[in-house]
Amino acid sequence: MRKALLFAPMLMLLLTACGGEEKDPAADLQAQYAAVSSAVMEADVTCHYEDEERVYTLRCDYTPGESTVTVLSPENLAGISATVADGELKLSYQDVSLDAGSYSAAAISPVAALPRLMAAAASGYVTEQSREDVEERPCLRLACDLPDDEGTLYTTWFDQETLLPLRSEISAEGTLVFQVAWTRFEVTGQKAADEPAAQPDQPAPDAAPDAAPDAGPAQPEAGAPAAENPQSPAADPPAQDAWAEADEAAAYAGAEE
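Since this is a predicted model, take the numbers as computed values, not measurements.

(A) Summary view of the packing of aromatic side chains. Scanning the entire structure with this criterion turns up three aromatic pairs. Taking the centre distance of 6.4 Å and the plane angle of 65° together, the rings of Trp-182 and Phe-185 count as edge-to-face. Comparing Trp-182 with Phe-185, the two get one shared label, buried. Aromatic rings pair up to connect Tyr-33, Phe-158, Trp-182 and Phe-185 into one cluster.

Next up, the structure:
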């Protein structure tokens, strides 16, 4: 089974203009993530507390307006899920649901980490960008903040060839809080070319057309993240089929070690 849906190889064209003129890779990458309307992802999240560290394996069923995060491990917490929407958390287990209230920027909940990293990738304000290697794979490193998370910095290393997230960090007031090792990323839905992107944690139907200035129309020819559905207008089956299983495994080889 394919573990991750690779972005089309033509995304490398985003790094240079047609005439060889340098473009802004951060803006181009954010445009691709702003076009994602739904995705499934998994990651190992290491939480750094004052007196201990805890590691959780989480699955996130993501949409810009509302995401469901499920704990896969440790075993004693497996099955607990949380809904993240509008800055609020609602925990659930089997048929029991509990409102967990809001999460603050300084003490963001681990279950909110993946949706917030996606929000930063799609529409965060880029404070730093650089090119670095992760497990010998060239990456674009972006550090972003969000308007409703003052003092919190979201940093992700994106594989330069596939645009998949490999590693992330979340820091609050200069202190490392979470480290994220991504192990799965599948795009399952994409906005239509004329559909505006939703603001982070806001339902898409209520978003104003100018609510996300970085989103813009999706550009299939530039290699926007394609959904698995071959009927998707932005999907590029020939380009995706050109990638072998070995290429996908290499993208997450470091995260699985």
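(B) Local environment of helix 1 (residues 25–34). Counting buried residues along helix 1, eight of its 10 residues qualify, which places the element largely inside the surrounding structure. For helix 1, every residue scored as buried is listed here: Pro-25, Ala-26, Asp-28, Leu-29, Gln-30, Gln-32, Tyr-33 and Ala-34. The opening residue of helix 1, the one whose side-chain oxygen lies 3.1 Å from the backbone nitrogen of Ala-26, is Asp-24.

(C) Quick look at helix 2 (residues 113–123). Across the 11 residues of helix 2, 10 count as buried, placing the element largely inside the fold. Looking only at helix 2, the buried set comprises Ala-113, Leu-114, Pro-115, Arg-116, Leu-117, Met-118, Ala-119, Ala-120, Ala-121 and Ala-122.

(D) Region of the structure containing the nonpolar core. Judged by nonpolar contacts, the single largest core of 46 residues is most densely connected at Tyr-33, Met-41, Leu-114, Trp-182 and Phe-185. Ignoring sequence-local partners within four residues, the contact set of Met-41 consists of Leu-58, Arg-59, Cys-60, Tyr-62, Leu-114, Met-118, Trp-182, Arg-184 and Phe-185.

(E) Representation of the side chain of Thr-155. Secondary-structure assignment places Thr-155 in strand 9 (residues 152–159). Overall, Thr-155 belongs to the buried group, its relative accessible area being 5%. Once residues lying within four places of it in the same chain are set aside, the contact partners of Thr-155 are Leu-117, Arg-141, Leu-142, Ala-143, Arg-167, Ser-168 and Glu-169.

(F) A look at the packing of helix 1 against helix 2. It is the contact of helix 1 with helix 2, at a shortest axis distance of 6 Å, that shows an interaxial angle of 125°. With respect to their mutual orientation, helix 1 and helix 2 come out oblique. Contacts from Leu-29, Gln-30, Tyr-33 and Ala-34 of helix 1 reach helix 2 at Met-118, Ala-120, Ala-121, Ala-122 and Ser-123. Along the lines of polarity and charge, the residues of the contact of helix 1 with helix 2 split into seven nonpolar, two polar and no charged.

(G) Structural detail: the pattern of salt bridges. If you walk through the whole model with that rule in mind, you get 11 salt bridges. Between Asp-148 and Arg-116 there is a salt bridge, with its nearest N and O atoms 2.7 Å apart. Of the two residues, Asp-148 is situated in the loop between strand 8 (137–145) and strand 9 and Arg-116 in helix 2; the sequence distance between them amounts to 32 residues. Given the relative accessible area of 1%, Arg-116 is considered buried. Here Arg-141 and Glu-132 are joined by a salt bridge, their closest N and O atoms 3.9 Å apart.

The rules we used
- Residue indices follow the written sequence of each chain, beginning from 1 at its first position.
- A pLDDT threshold of at least 70 governs which residues receive local features in this predicted model, and a stricter bar of 80 or more applies before side-chain atom pairs are shown or counted, although totals over entire chains, interfaces and linings include all residues.
- Side-chain metrics rest on all non-hydrogen atoms present in the structure, leaving aside hydrogens and water.
- Each pair of aromatic rings taken from Phe, Tyr and Trp, with Trp reduced to its six-membered ring, is defined by centres within 6.5 Å and is described as stacked if the planes are under 30 degrees apart, edge-to-face if over 60, and tilted in the remaining cases.
- Relative accessibility under 20% of the residue-type maximum defines a buried residue, over 50% an exposed one, and the middle range a partly exposed one, all with a 1.4 Å probe and only protein chains included.
- Runs of E in the DSSP output that reach at least two residues are strands. Runs of H or I that reach at least four are helices, and both are numbered from the N terminus.
- Under this definition, polar contacts are N or O atom pairs within 3.5 Å; protein pairs additionally need one hydrogen-donor-capable and one acceptor-capable atom, and for neighbouring residues in sequence, both atoms have to be side-chain atoms.
- Note on terminology: a nonpolar core comprises buried Ala, Val, Leu, Ile, Met, Phe, Trp, Tyr and Cys residues joined through side-chain atoms within 4.5 Å.
- Every residue pair with non-hydrogen atoms within 4.5 Å of one another is taken to be in contact.
- Whenever a helix is involved, its axis is fitted only over the stretch in contact; in every case the axis is a line through C-alpha atoms, and angles between N-to-C directions fall within 0 to 180 degrees.
- Every angle not falling under 35 degrees, over 145, or within 65 to 115 is termed oblique; those three ranges are roughly parallel, roughly antiparallel and roughly perpendicular.
- Residues are grouped as follows: nonpolar covers Ala, Val, Leu, Ile, Met, Phe, Trp, Tyr, Cys and Pro; charged covers Asp, Glu, Lys and Arg; every other residue, Gly included, is treated as polar.
- Think of a salt bridge as a Lys or Arg side-chain nitrogen and an Asp or Glu carboxyl oxygen that are within 4 Å of each other.

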